[in-house]
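Summary of structural features
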Amino acid sequence: MNMDAIKAGIKEALALVEDAKQLADFWAKYFGKGGEIQKLMAGIKKVPNEEKKAYGQAVNEVKVLAQELYDAKKVEIEKKAMLARYEAETLDVTLPASGNGAGNLHPLTCIKNEIIDVFAGMGFDIFEGPEIEDDDHNFTRLNVLKDHPSRDMQDTFWLTDELLLRTHTSPGQIRVMDNQAPPIKVLVPGKVFRSDSDATHSPMFSQMEGLVVDEHITLCDLQGMLDQFVKALFSGEVKTRLRPSYFPFTEPSVEVDVSCFKCGGKGCSLCKGTGWIEVLGGGIVNNKVLENCNVDPDKYSGLAFGIGIERIAMLKYGINHMGKLFENDIEFLKQFKA
Ligand code: DAH
C-alpha cells in the first residue's frame, strides 16, 4: 500500500473542497462507515505479522494527517461563510431612514369635518352631549313615551332602568333647548349605540343631529339647507326629494332622498334602479318636544334632522361593509389620504 500516494490523494481532495457540503462529503468518504480509513485499518489482516506494527503506524499517520487537514479546512470554510454573511448583512449607515410616513385623517373624521364645514357656513354652532343618557332625554322628552311601539325602532343598550347608551344624537336637541333660548342653530355630532350588527349596521356608529328653532321655520327651510348640504358633499348636480315618514319627535316627518350621484338619476346598482338614495331623516320639531323644553310653539317652530355619518361615508366612497370603517386596516385607511 503506497501511503504517500494516499496522503497526496487526501491533500488533493481537500484542496478541491470549497464549501461545507463538499467538506461533509470528504468526511464521509474518508472517516465514514466503510470509508477509506476504515478500509486501510481492515487491511492490516492481510499484512505479514512482522510488518503489522509499521503498517499500523503508517495508517495512523494517514489518519492524523487527514484529521488535521480536515480541521484546518473546516476553520477556513467557516471563516469564508462568516465573511460572506458579514458582506451580505452590511449596514449602510449613510442610507436615509425609511421613516413611518405621515398619517391621515380617518374617513369618518373627514366626512364629519366636511358636514360641519357646510353647516358652519350657514351659521350653525356645535354642541356635544353625553354618550350615557337617561330615558328622559333619549326618549320621553323627545315624545317617545314609555311603552310606545316606536321605542322598538331602536335596540337600546340599557345600563340601568333609567340609564342607557344614547341610541341617537336627538337627545342633544333637548339639552340645547334646555340651555338656550331661540334662535337656535346647532349641530350635535357624536357616537350612538344600538344592539344591531350586519353589513350596514354596527353596534356603535356616528350621527350628526341638526336643530334650528326660530320664528317662522318651515319645511322649506329644511329642504333648502339639506339641498345645500348634499350638493356640497356629493356634487353640485344632485337634487333632493322629501318623502313622508314617521318620527315621534317631528311632525311632519320626512326621509330625505338625494338623486343618485353615480348614475345621475337614471338608475344603477347604487340606487337599486330607483335613481334616488335615502340619506337622512328629519322634519319639523313636534310641538310636544318644544313644550317639553319650555319653548312656546305658538311663537317658535323648529326643524331637525339626523345624519348617519357612516352611511354617508359608505355612499360617498363606495364602501360595502360598515365594519371596514372600524377595523383600522391600515391598507384600507391609506386610500383616503387627502
Ligand atoms: N334620531 C333619528 C334616528 O336615529 C334620526 C332623526 C330623524 C333625527 C328625524 C332627527 C329627525 O332630528 O328630525 O333614527
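Residues numbered from 1 in each chain as written. Predicted model: local features only at pLDDT ≥ 70, side-chain atom pairs only at ≥ 80, totals over all residues. Heavy atoms only, no water.

**Re the packing of helix 1 (residues 3–16) against helix 4 (residues 49–88)**
The description of two packed helices rests on the angle between their axes and on the distance between the axes. At a closest axis distance of 10 Å, the pairing of helix 1 and helix 4 adopts a crossing angle of 10 degrees. Judged by the angle between their axes, helix 1 and helix 4 are roughly parallel. Contacts from Met3, Ile6, Lys7, Ile10, Lys11, Leu14 and Ala15 in helix 1 reach Tyr55, Ala58, Val59, Glu61, Val62, Leu65, Ala66, Leu69, Tyr70 and Lys73 in helix 4. Of the residues that constitute the contact of helix 1 with helix 4, the class distribution is 13 nonpolar, no polar and four charged. (Axes fitted to C-alpha atoms, helices over the stretch in contact; angles between N-to-C directions. Helix = DSSP H or I, 4+ residues; strand = E, 2+ residues; numbered from the N terminus. Parallel < 35°, antiparallel > 145°, perpendicular 65-115°, else oblique. Contact = heavy atoms within 4.5 Å. Nonpolar A, V, L, I, M, F, W, Y, C, P; charged D, E, K, R; others polar.)

**Some points on the pattern of salt bridges**
Side-chain pairs of opposite charge can arise whenever the charged atoms involved come near each other. A full pass over the atoms with the stated rule returns 16 salt bridges. Across the pair aspartate 257 and arginine 241 runs a salt bridge, and its minimum N-O distance is 2.9 Å. Residue aspartate 257 is located in strand 7 (residues 250–259), and its partner arginine 241 is located in strand 6 (residues 240–247); the two are separated by 16 residues in the primary sequence. Residue classification places arginine 241 among the partly exposed residues on the basis of a relative accessible area of 31%. Connected through salt bridges with shared partners, the residues Arg241, Arg243, Asp257 and Glu278 form a single ionic network. (Salt bridge = Lys/Arg side-chain N within 4 Å of Asp/Glu carboxyl O. Buried < 20%, exposed > 50% of the residue type's maximum accessible area, 1.4 Å probe, protein only.)

**Structural notes on the site of the ligand**
Close to the ligand lie 16 residues; His168, Ser170, Arg194, Gln207 and Glu209 are nearest. At 2.9 Å, a side-chain N or O of serine 170 approaches a nitrogen atom of the ligand. Within the contact set of the ligand, an oxygen atom lies 2.5 Å away from a side-chain nitrogen or oxygen of glutamate 209. When the ligand is considered free in solution it has 350 Å² of accessible area, and contact with the protein chains removes 92% of it. Put simply, the parts of the chain that give the shell around the ligand at least two residues each are strand 5 (204–214), strand 8 (276–285) and strand 9 (301–308). Among the residues making up the shell around the ligand, the classes are represented as four nonpolar, 10 polar and two charged. (Near = heavy atom within 4 Å. Polar contact = N/O pair within 3.5 Å; in protein donor to acceptor, adjacent residues only side chain to side chain. Areas by Shrake-Rupley, 256 points an atom, 1.4 Å probe, with all protein chains shown as cover.)

**Notes on the domain arrangement of the protein**
What the domain assignment lists for the protein is domain 1 (3–89) and domain 2 (107–333). The C-alpha-based centres of domain 1 and domain 2 are spaced at 86 Å. (Domains from an automatic or database assignment.)

**Some thoughts on the pairing of strand 7**
Taken across its 10 residues, strand 7 has eight buried, putting it largely inside the fold. Here seven bridges tie strand 6 to strand 7, and the two strands are oriented antiparallel to one another. Bridge pairing in strand 7 places leucine 242 opposite valine 256. The turn linking strand 6 back onto strand 7 is made up of two residues. Across eight bridges, the pairing between strand 7 and strand 8 is antiparallel. If you follow threonine 250 over to strand 8, its bridge partner there is valine 285. (Pairing = 2+ DSSP bridges.)

**Focus on the nonpolar core**
By size, the foremost hydrophobic cluster in this structure holds 45 residues, and its most contacted members are Ile115, Phe119, Phe229, Val279, Phe305 and Ile307. Sorting the residues of this core by element identifies helix 5 (107–120), strand 5, helix 8 (219–233), strand 7, strand 8, strand 9, helix 10 (309–317) and helix 11 (330–334) as the ones contributing at least two each. Apart from residues lying up to four places away in sequence, phenylalanine 305 is in contact with Phe119, Phe124, Leu187, Met208, Glu209, Gly210, Leu222, Leu226, Leu280, Gly281 and Gly282. Core analysis: the next-biggest nonpolar cluster, separate from the first, contains 20 residues, Val144, Leu211, Val285 and Cys293 among them. (Core = buried A, V, L, I, M, F, W, Y, C linked by side-chain atoms within 4.5 Å.)

**Some points on the sheet that holds strand 9**
Ordered by their spatial adjacency, seven strands build an open sheet running 1-4-5-9-8-7-6, and the pairing between neighbours is mixed. The open sheet has two free edges, formed respectively by strand 1 (125–126) and strand 6, since each of these has just one partner strand. Relative to strand 9, strand 8 runs antiparallel, the two sharing five bridges. What sits directly across from glycine 282, in strand 9, is phenylalanine 305.

**Description of the packing of helix 5 against helix 8**
It is at 10 Å that the axes of helix 5 and helix 8 come closest, and there the two elements cross at 135 degrees. Judged on the interaxial angle alone, helix 8 and helix 5 are oblique. Viewed along their axes, helix 5 and helix 8 form a crossing whose handedness is right-handed. Residues Glu114, Ile115, Val118 and Phe119 of helix 5 pack against Leu226, Gln228, Phe229, Ala232 and Leu233 of helix 8. Taken together, the residues of the contact of helix 5 with helix 8 break down into seven nonpolar, one polar and one charged. (Left-handed = near helix turned anticlockwise from the far one by under 90°.)

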